[in-house]
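# Tertiary structure, described
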Amino acid sequence: MPHDLPKAYDPTAIEDRWAEYWVRENLFAQPTPETKSETSKGREAPSGPDAQSAFTILLPPPNVTGNLHMGHMFEHAESDILIRWRRMRGDRVLWIPGTDHAGIATQMLVERQVVSEGTTRQQLGREAFVARVWQWRELYGGNILKQMKRLGASVDWQREYFTMDDNLSIAVREAFVRLYEQGLIYRGAYIVNWCPRCQTAISDLEVVYDEHKGHLWEIRYPVLGPAGGSLSGEFITVATTRPETMLGDTAVAIHPEDERYLHLHGKKLRLPLIGREIPIILDDWVSREFGTGAVKVTPAHDPNDFALGQRHHLPSINVMDETALINNEGGAYAGLDRYVARKRIVADLEEQRLLAGVKDHINNIGHCDRCRTVVEPRLSTQWFVKIKPLAEKAIAAVKPDAEGKKAIQFTPEQYEKTYLNWMENIYDWCISRQLWWGHRIPAWHCATCGKITVARVDPTACAHCGSAQITQETDVLDTWFSSGLLPVSVFGWPNFGATNVPQILRAPSIPLPSAEWVGDHEPPQPTNRADFDAFYPTSLLVTGFDILFFWVARMIMLGIWFAQDIPEEDGSPRTLAESVPFREVYIHALVRDANREKMSKTKGNVIDPIEIVKTYGTDAVRFTLASMASPGTDIAFNIARTEGYRAFANKIWNAARFLFQNLEKANEIGVRVSVGTISRSAFLLNEWPTEELWILSRLNRTAHDVSLALDRYRFDDAANLIYQFFWSEFCDWYLEFVKFRLDFNETANKNATGEALATLTYVFESFLRLLSPFMPFISEEIWHSLYDNEPPRKSIALAVYPLYVQPAEFDQITFNSAEAAMQILQRTIIALRARRKELDVDEKSLVNAKITAGTPAAGVIKKHLSIIKKLAKIDDLEIVFFSERERGKFADLAWQSAGPIDLFVEHEKQIDVPAERDRLTKDIAKYEKGLAAAERQLGNEGFLAKAPAHIVEGLKKQEAETRLLLDKARAALEALPPN
Ligand SMILES: [Zn+2]
Ligand SMILES: [Zn+2]
């Protein structure tokens, strides 16, 4: 049988199949455009058949270690809806997927695995360990992309990348070398956030702060006498939350005008426990009001102290090793863990009567975002990007230019301020990490002259003295350095498809670079820029707030910096607006649980998207997310809504089956309907049935409003419009009306049936296309079936999205009057049904009714008498026109536009008096019992004192309702005629 659909809608049965089909057929691949005229960049819709506007989204690359969570699914659903909608509108759409090598996260994971096998990363050695990580990645990495495939994300899988791919690694190296040559990369000693577990520097953004109950220890430092060496008997008291850092103190600072200490200017102190002589220094930075006004200075373990140390040329003494054990600088405490040392130091100070006091103190303690270890500010030698020149351009890109245009637009707009505030107060970016997994820094240290050689291709000799005694830097680059380059590197920068590219940074299992590249210091020559020219700048970035600084800001800085040097196709210099990595940034909201709580593993309220997809289907989950998504509003994810949208999908399925059955019946009597065309003459528009004109007009308006909503990222409005159109207009009214014209009897007018069925098919097919970006699976399944598996395109996703068509002026009048007429009919039918219900008329019984109405309502009703009678179950319907003078009697404003209507439904109910008496007597007994129980409880003082207010309120309400029911039942009993 053609138009075959199983009886029951089962999402799992159809979704796997289509997901697999989309990938296998490469339906969403976007080839490199061949000629320039094929693409015009910008936000406008295509203006002609030749001009296709590119719409490009770069997927925020998930960590290679990651699994899909609700936040991803939400982000991907929003992106996919926009991408599918744009594709169907005819844009040249490209959505690029990939994964991030995630330096710390991946290294930690494999480290744990190695430890569980009884060995360690250090025992394995760098090369073997990195090989293990590659192996892990081959076997388990990128699970999230597999999940995305199953969920039908319409990305171009042929362009999938990994941030450690050869071509992307070349981009990383080129960027590093170029910044170094431009004097924007330097190496220096600096206080960094050090994770003693990961044994690497981490960025400020990777430190999470928690409040902890701790202590503030007050320590007395003895003042030395004028002769030096001997104690004066006086003390200065300093306070600290980390007493172990005192081992590295090199001064105590006071405010120069602090009167308490004027007599101590120029004096020295003896550092307790260590015995080192340290100076008292004067600095305006010290707050006189805070504590004792004297501050211990540990330049190697505190960022503020480091700055003080720089100003006063103090030595920096690092007292801890990479694992936060006290090192040899710590004297007697050497070899102790920092917290063990803390206890000992406090005890020893107390014993020496140098502990002035201990106070409770709430500390804001920084933890490593990856492993939760307490971060130690620590002095170490790192690589930095001098960021100001890059930040200046990144600021200019977001601020309005002379014409008031912004090169990058943020939605919601509030994030623009957050971004600018961060960018304007930016610090140099520490880009080195003491890890093994990542892009190794392309710098070589010379053992002979001590200088550094930075090179595009691995050098064999020092560039300064020619010595062969060079060794490569052991640090790797911050993961965000490579992901910040993605907008240019995914399109082939810097070599744009050149073949003379050295192979660098590879898995050790892959052959190492061949000798011929050694010594080549020239960047590869560009050969193919078509992708870059077509798709850069990308159109939109859809991402979460959590990576605004990590990633979005870095992409803007690096994207502009490197793209600005790439001239336009015609050779002219590239403007700022054309250098930015994307024209718009849409920051999506968070998905919270049904009670608006943030999902977290510790709270146990995490919803696994894969699990609920198994139960309700991807389509229903996507629709749930879309129906609640609007800029700046968090989503309270509620399974009940997903159940509702599962029912919505089911209703669509059943409507399709209804349509298919009718197409079959039509086929049997020789009526052929071709999908996608209306078989009525447009010249006779005003003779078309009202419901057809109405549904076509509603479809047209819905198409208009949905596109408008998506343009504004109002996914919620768009989804709700589609839902309303189908449920309330298509099913509740149009189908109900049209059913009566689908007549397949021998005596039927075949032509009329065919015409009605053709319009029904046309509207339903259009609805499927309207729905497709939101529910891609069910729409695909039904669409193929509707075309008997020979659809005009390989996928509904490649069909054209229903677009608003402005009707001709005269036609518009016809459509408007059809909409007005339909409104009158809907109101009349609803009112008649309501009246029947009030009179308690049996659902199947026919009744007589009389309608008094003015113009134009009476005319419309008269014209549609037969359908009203069918839908409201009326036997005889009398219509009485009333005059304008009577209008005033009808105050109901809702009827004003259509003209007032008065309804009268004749109904005399036949009842079985003894049975009714029986029923009412039973009801009365039941109500009396309930009432007595409620009164008893409300009279109980003990209960009232203890019960929560809402329980008492509920009980009172229940009591009042029961009383009302009781009164009604008693009255009804009294009104019954005698037997
Ligand atoms: Zn860590
Ligand atoms: Zn040298």
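The preceding data block contains the structure.
Just so it is clear, the structure is predicted and the values come from calculations on it, not from any experiment.

So, about the coordination of the zinc ion (ligand 1). Around the zinc ion (ligand 1), the protein supplies Cys-195 (SG), Cys-198 (SG), Cys-368 (SG) and Cys-371 (SG) as donor atoms, at distances of 2.2 to 2.4 Å. Its four donor atoms give the zinc ion (ligand 1) angles of 102 to 117° at the centre, a pattern that matches the tetrahedral case. Sequence spacing of the donor residues for the zinc ion (ligand 1), all on one chain, is C-x2-C-x169-C-x2-C. For the pair shown, Cys-195 and Cys-198 are each scored as buried.

Turning next to the coordination of the zinc ion (ligand 2). Tetrahedral metal sites with four donors have an ideal angle of 109.5 degrees; octahedral sites with six donors have ideal angles of 90 or 180 degrees. Within the protein, the zinc ion (ligand 2) binds to Cys-446 (SG), Cys-449 (SG), Cys-462 (SG) and Cys-465 (SG); these donor distances fall in the range 2.2 to 2.3 Å. Around the zinc ion (ligand 2) sit four donor atoms; with metal-centred angles ranging over 105 to 113°, the donor geometry is tetrahedral. One chain supplies every donor for the zinc ion (ligand 2), spaced along it as C-x2-C-x12-C-x2-C. With Cys-446 in strand β19 (residues 443–446) and Cys-465 in the loop between β20 (452–454) and β21 (470–472), this pair connects stretches of sequence that are 19 residues apart. The exposure class of Cys-446 is buried, given its relative accessible area of 5%.

In this section: the nonpolar core. Side chains that are nonpolar tend, in soluble globular proteins, to be buried together. Ranked by internal contacts, the top residues of the largest apolar core, which has 133 residues, are Ile-652 and Phe-764. By residue number, the principal contributor to this core is helix α21 (residues 715–738), which donates 13 residues. In this structure Ile-652 touches Phe-726, Phe-764, Phe-767, Leu-768, Leu-771, Met-775, Ile-778 and Ile-782, once residues within four positions along its chain are discounted. If you look at the next biggest cluster of nonpolar residues, it comprises 72 residues, including Leu-184, Leu-477, Phe-549 and Ile-587.

A word on the side chain of Thr-759. Along the chain, the position of Thr-759 falls in helix α22 (residues 750–771). Non-local contacts of Thr-759, meaning those with residues more than four positions away in its chain, are made with Ile-678, Arg-680, Glu-692, Leu-696 and Tyr-734.

On to the sheet that holds β19, then. Strand order across the open sheet formed by three strands is β20-β19-β21, with antiparallel pairing between neighbours. The sheet is open, and its two edges are formed by β20 and β21, each paired on a single side. Taken over all neighbouring pairs, the strand axes of this sheet differ in orientation by 30° on average, direction set aside.

What follows deals with the pairing of strand β10 (residues 251–254). Side chains of β10 alternate between two faces, with Ala-251 and Ala-253 and Val-252 and Ile-254 buried alike. Two strands pair when backbone bridges link them, and β10 and strand β13 (residues 294–297) are joined in this way by four bridges, in the antiparallel orientation. Bridging from a neighbouring strand, Ala-251 pairs with Val-297 of β13. Bridge count for β10 against strand β12 (residues 277–282) is three bridges, and the pairing is parallel. Within the sheet, the bridge partner assigned to Ala-253 lies in β12 and is Ile-281.

The rules behind these values
- Residues numbered from 1 in each chain as written.
- Chains lettered and ligands numbered in written order.
- Predicted model: local features only at pLDDT ≥ 70, side-chain atom pairs only at ≥ 80, totals over all residues.
- Heavy atoms only, no water.
- Donors = N, O, S within 2.8 Å, 3.2 Å for Na, K, Ca; no water.
- Tetrahedral: all angles 85-135°; square planar, octahedral: opposite > 155°, others 65-115°.
- Buried < 20%, exposed > 50% of the residue type's maximum accessible area, 1.4 Å probe, protein only.
- Helix = DSSP H or I, 4+ residues; strand = E, 2+ residues; numbered from the N terminus.
- Core = buried A, V, L, I, M, F, W, Y, C linked by side-chain atoms within 4.5 Å.
- Contact = heavy atoms within 4.5 Å.
- Pairing = 2+ DSSP bridges.
- Axes fitted to C-alpha atoms, helices over the stretch in contact; angles between N-to-C directions.

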